[in-house]
Each structure stands twice: as C-alpha cells, then as structure tokens.
Amino acid sequence: PEKVSTEIAQVEHSKIEKVRRYRCPGCGADLLFAPTDGALTCNFCQHKELITESKEAIVECDYERYLKLRPEQLTELAADTLEVDCKGCGAKVTFTPPVTASQCSFCGTALVAQAKSPDPIVAPAAVLPFRVEKAAATDAIKKWIASRWFAPDALKRFAVPGGISGVYIPFWTYDSYTISHYTGQRGQYYYETEYYTETDSNGNQVQASRQVRRTAWYPVAGTVTRWFDDVLIAGTKSLPARALAELEPWDLPELKPYDPAFLAGYKAERYQVTLPEGFERAQGVMSGIIANDIHRQIGGDEQQIFSVQTQHSAITFKHILLPVYVGAYHLQNKLYQVVVNARTGEVQGERPYSWIKITLFAILVISILYFLWWAIQRP
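Structure report, in brief. (Residues numbered from 1 in each chain as written. Predicted model: local features only at pLDDT ≥ 70, side-chain atom pairs only at ≥ 80, totals over all residues. Heavy atoms only, no water.)

What follows concerns the overall build of the protein chain. A count of helical and extended segments in the protein chain gives six helices and 16 strands. Split into buried and exposed, the 379 residues of the protein chain put 41% on the buried side. For the protein chain, long-range pairs separated by at least 24 residues make up 74% of all intrachain contacts whose partners lie at least 6 apart in sequence. Carbon and sulfur atoms make up 54% of the accessible area of the protein chain, which amounts to about 21300 Å² in all. (Helix = DSSP H or I, 4+ residues; strand = E, 2+ residues; numbered from the N terminus. Buried < 20%, exposed > 50% of the residue type's maximum accessible area, 1.4 Å probe, protein only. Contact = heavy atoms within 4.5 Å. Areas by Shrake-Rupley, 256 points an atom, 1.4 Å probe, with all protein chains shown as cover.)

Before going further, it helps to spend a moment on the pattern of salt bridges. One pass over the full model with this rule turns up 15 salt bridges. One salt bridge connects Glu60 with Lys318, and the closest N-O pair in it is separated by 2.8 Å. Residue Glu60 is located in the loop between strand 3 (48–50) and strand 4 (61–62), and its partner Lys318 is located in strand 14 (residues 302–331); the two are separated by 258 residues in the primary sequence. We classify Glu60 as partly exposed; its relative accessible area is 29%. (Salt bridge = Lys/Arg side-chain N within 4 Å of Asp/Glu carboxyl O.)

We now examine the state of the cysteines. The final tally for this structure, using the stated rule, is zero disulfides. No disulfide involves Cys42; its sulfur sits 3.5 Å from that of Cys27, the nearest cysteine. Taking the relative accessible area as the measure of exposure, Cys42 reaches 0% and is therefore buried. Of the cysteine sulfurs around Cys89, a residue in no disulfide, the closest is that of Cys104, at 3.7 Å. A relative accessible area of 29% places Cys89 in the partly exposed class. (Disulfide = S-S within 2.5 Å.)

Here we take up the pairing of strand 2 (residues 39–42). Going residue by residue along strand 2, you find Ala39 and Thr41 tucked away on one face and Leu40 and Cys42 tucked away on the opposite face as well. Here strand 1 (residues 31–34) runs beside strand 2; their pairing, made up of four bridges, is antiparallel. Following the sheet pairing, Phe33 is matched in strand 2 by Leu40. Between strand 1 and strand 2, which pair antiparallel one after the other, the connecting turn spans four residues, and Gly38 there sits at a positive phi close to 70 degrees. For strand 2 and strand 3, the ladder comprises three bridges, and the chain directions are antiparallel. Bridging from a neighbouring strand, Leu40 pairs with Glu49 of strand 3. From the end of strand 2 to the start of strand 3, which pair antiparallel, there are five residues, and Gln46 there has a positive phi angle of about 65 degrees. (Pairing = 2+ DSSP bridges.)

The next subject is the environment of Ala282. Note that Ala282 resides in helix 5 (residues 275–298). In this structure the C-alpha to C-alpha distance between Ala282 and Tyr174, which are 108 residues apart in sequence, comes to 7.1 Å. Ignoring any residue separated from it by four or fewer positions in sequence, one finds Ala282 in contact with Tyr174, Val231 and Ile233.

The subject of this paragraph is helix 3 (residues 134–146). The terminal C-alpha atoms of helix 3 lie 18 Å apart, and with 13 residues this matches the ideal 18 Å at 1.5 Å per residue to within 8%. Listed in full, the buried residues belonging to helix 3 are Ala137, Thr138, Ala140, Ile141, Trp144 and Ile145. For helix 3, the buried positions fall inside an angular range of 160 degrees around the axis, keeping them on one side. Exposed residues pointing more than 90 degrees away from the buried face of helix 3 are listed as Ala135, Lys143 and Ala146. (Expected span 1.5 Å × (residues − 1). Arc of directions from axis to C-beta.)

Let us now look at the nonpolar core. With 56 residues, the main nonpolar core has Leu40, Tyr168, Trp172, Tyr174, Leu263, Phe317 and Tyr325 as its most contacted residues. In terms of residue count, the dominant contributor to this core is helix 5 (seven residues). In terms of nonpolar packing, the next biggest core, distinct from the first, is built from 29 residues, Ala101, Ala126, Val167 and Leu322 among them. (Core = buried A, V, L, I, M, F, W, Y, C linked by side-chain atoms within 4.5 Å.)

With that settled, the discussion passes to the packing of aromatic side chains. One pass over the full model with this rule turns up twelve aromatic pairs. Ring plane angle 40 degrees and centroid distance 4.8 Å describe the contact between Tyr63 and Phe279, whose orientation is recorded as tilted. With a gap of 216 residues between them, Tyr63 in helix 2 (residues 63–66) and Phe279 in helix 5 connect regions that are remote in the sequence. You'll find Tyr63 and Phe279 in the same group, each marked buried. Ring plane angle 80 degrees and centroid distance 6.1 Å describe the contact between Tyr168 and Tyr266, whose orientation is recorded as edge-to-face. Here the residue Tyr168 occupies a position in strand 10 (residues 165–199), and Tyr266 occupies one in the loop between strand 12 (256–257) and strand 13 (267–269), the gap between them amounting to 98 residues. Residues Tyr168 and Tyr266 agree in their burial class; the two are buried. (Phe/Tyr/Trp six-rings, centres within 6.5 Å; stacked < 30°, edge-to-face > 60°.)

It is worth spelling out the sheet that holds strand 2 at this point. Spatial strand order, 1-2-3: three strands in an open sheet with antiparallel pairing. Every other strand in the sheet has two partners, leaving strand 1 and strand 3 as the edge strands with one partner each. On average, each strand axis in the sheet is tilted by 30 degrees relative to the strand beside it, whichever way the strands run. (Axes fitted to C-alpha atoms, helices over the stretch in contact; angles between N-to-C directions.)

So, in structure tokens, the structure goes:
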C-alpha cells in the first residue's frame, strides 16, 4: 500500500508540474509554446517537446444544464495560474509564470493591482493555437502602419519589440435547431400602360405611353427550419466588435482539445460576456439568417415579413480560446487598439490622424502649386 501511495503521489505531482510549469530537461528553463512548429520550446538550449494531442473529441455542452452553474461545472484554465484586473478597461487577464502582466494588453494601463488566484470559469473545450510568431505579427503591423497616411509617430510603437502581446481571447460557439413560423406578404410585379402628354421636337403637344411597374401583394404564412452549428460569439468586451469581426473567418476545424500547454508563454482573457448573454447575441445572428431563409421561401419579386416566432431546441455550446496579438495606447484621451489574427497575420485596428503632418503636407502642396503658377507667369 505504501508503494502504491507513493506512485499515486508521484503521478499527481507530475500532473501538477506539467500544468504549472513546463521545465526543460536540459537546462531547467521554462518551455514556451512555439507557433512555428506547435512544440514546447526552450529559448536557451532549443530543446523541444511535442504536445501530445488528446484523442478525445471536442465536447459540446448542454446549454440548459449550464444555465444555473454549479461548482462542479467550473474549473481553472490551469493549476497555479494568476489573474489580474485592469482598472482601466475591466479586462481580467490570466497568466501562468514565468509570464507576467505589468501592463494591460487591451488599453495600455499599468496593472498595479496584486495578482490573485482566479475564480473558476466554464472550462474551455478547445483552443486554436498560435501559428504566427510575434516577429511576423510585428512585421505585418509595420506594413499596416506604412499604409496609414498621416498617422502620428505614436502609432509606430506597435511595430517595435514589446509593442504587442499574445493573448488568447474567449469565445462562445452555439449550436441550435430552429423552427420558425412566419407571416408576411409576397409581392408580384406587373405592368400597366400609362398615357401622358409631352412636347415633341417641333413644339407640338403629343400623347405618349409608357409601362409602369406595379406590385400586387398576397398574404403568406409558413415555416422554415435550420440547424445552426458553431455560431461564433466573442466573449470579450475589451476589443471592438468590428475589429474582431474583420479578423474572421477563423479556421475552427483546426481547433484542438484544450490543453494548458498551448498557453505556455501567453496570456488568456477571462470571458466578460456570460453564457446567457452570449446566446442572446447568437440568437441575433441566427435571426438574420432565418430572415433570409424566409425571404427565399416566400419567393416572388418582393417580400415583407410581419412576424416570426422561433423555437430553439437541442442547444449546445462550448467555450473556446482564439489567439491574437494586441497593442493599445492612449492619444488625446482616446484609446487606440491594433489586433492581429495570430493564425493568418491579418491586421485590424483604429488609427488617429496627425494634424501636424496633414498641415505640413497641405503647406507643401500649396507651395508647389504656387511655384508652378509663378513659373508660368514669368515672362
């Protein structure tokens, strides 16, 4: 029994050590996830360890069962993780040593609050690992900045080492089978001949005719059904929804079953959008698609929808983490953010204008035009 107890203790210690820190067997340094080959890599002796991918399928969770969360439904991202709250934007960033969090990735605010153990969350079911290295993301931002005319010099801080940080952003995906009953009208075009008087080229009043399009409306009612799979809803409020939408599409078929090893060397944001709030947003996305289905079923030349009653069933969800590089700074009391899709390298962001550069450019153009005018006027 004593031997068995010792073996169990060793196994448990091994599990905790695997999650908490990934040590290099060669030099003892921390192994970090490398986007280039998807392996845990030592930056000192270049030792690599492959992440053993789970053979288990990514599990969809029953939505109704999770509406009233119970302690056994919650977990931590990894053992011995730390979490710090940003007083500037409200983001909650989770990280595992040796990663530190001294500045908020989303708003650039200095993080002065003491890091603490995070509260449990709905467990991530899957993660999309980083594939673009930080250097490549920085180069992509440099090109993006170069295409921004009249951008202030402050924007260039994103394109220097340390200007951006890698963060896993929380997302929800929702599945639902929908049955939608609707009422509306179908419009059919027809044409009538209309007579009118006009003046011809000789100044005479003549009668002419033309075809005028009319619409005949007929009442309709019906039912459409659709199975929605993986409706993606951002679980963050720290990044603008427009920028996140522009980063799509994500290669969700490449999702991996969640393993804390993928987070080694990166931060992760705690979701700010709750599970019910996320499904409410997903219903908004679904309703737009359902409306398109109804328009097609009504047919005709035009359609009007008066009412739609949609029933949802077989609702499932999963919590997933998607990788981005984020940079942020304040200029004239306004927050500017740049986000990079860490799978494709696509850059999206907000940009200010440097009115000094615009003014100097205007002066230069005016000076050139004046010189050209002066040269033409010379005898």
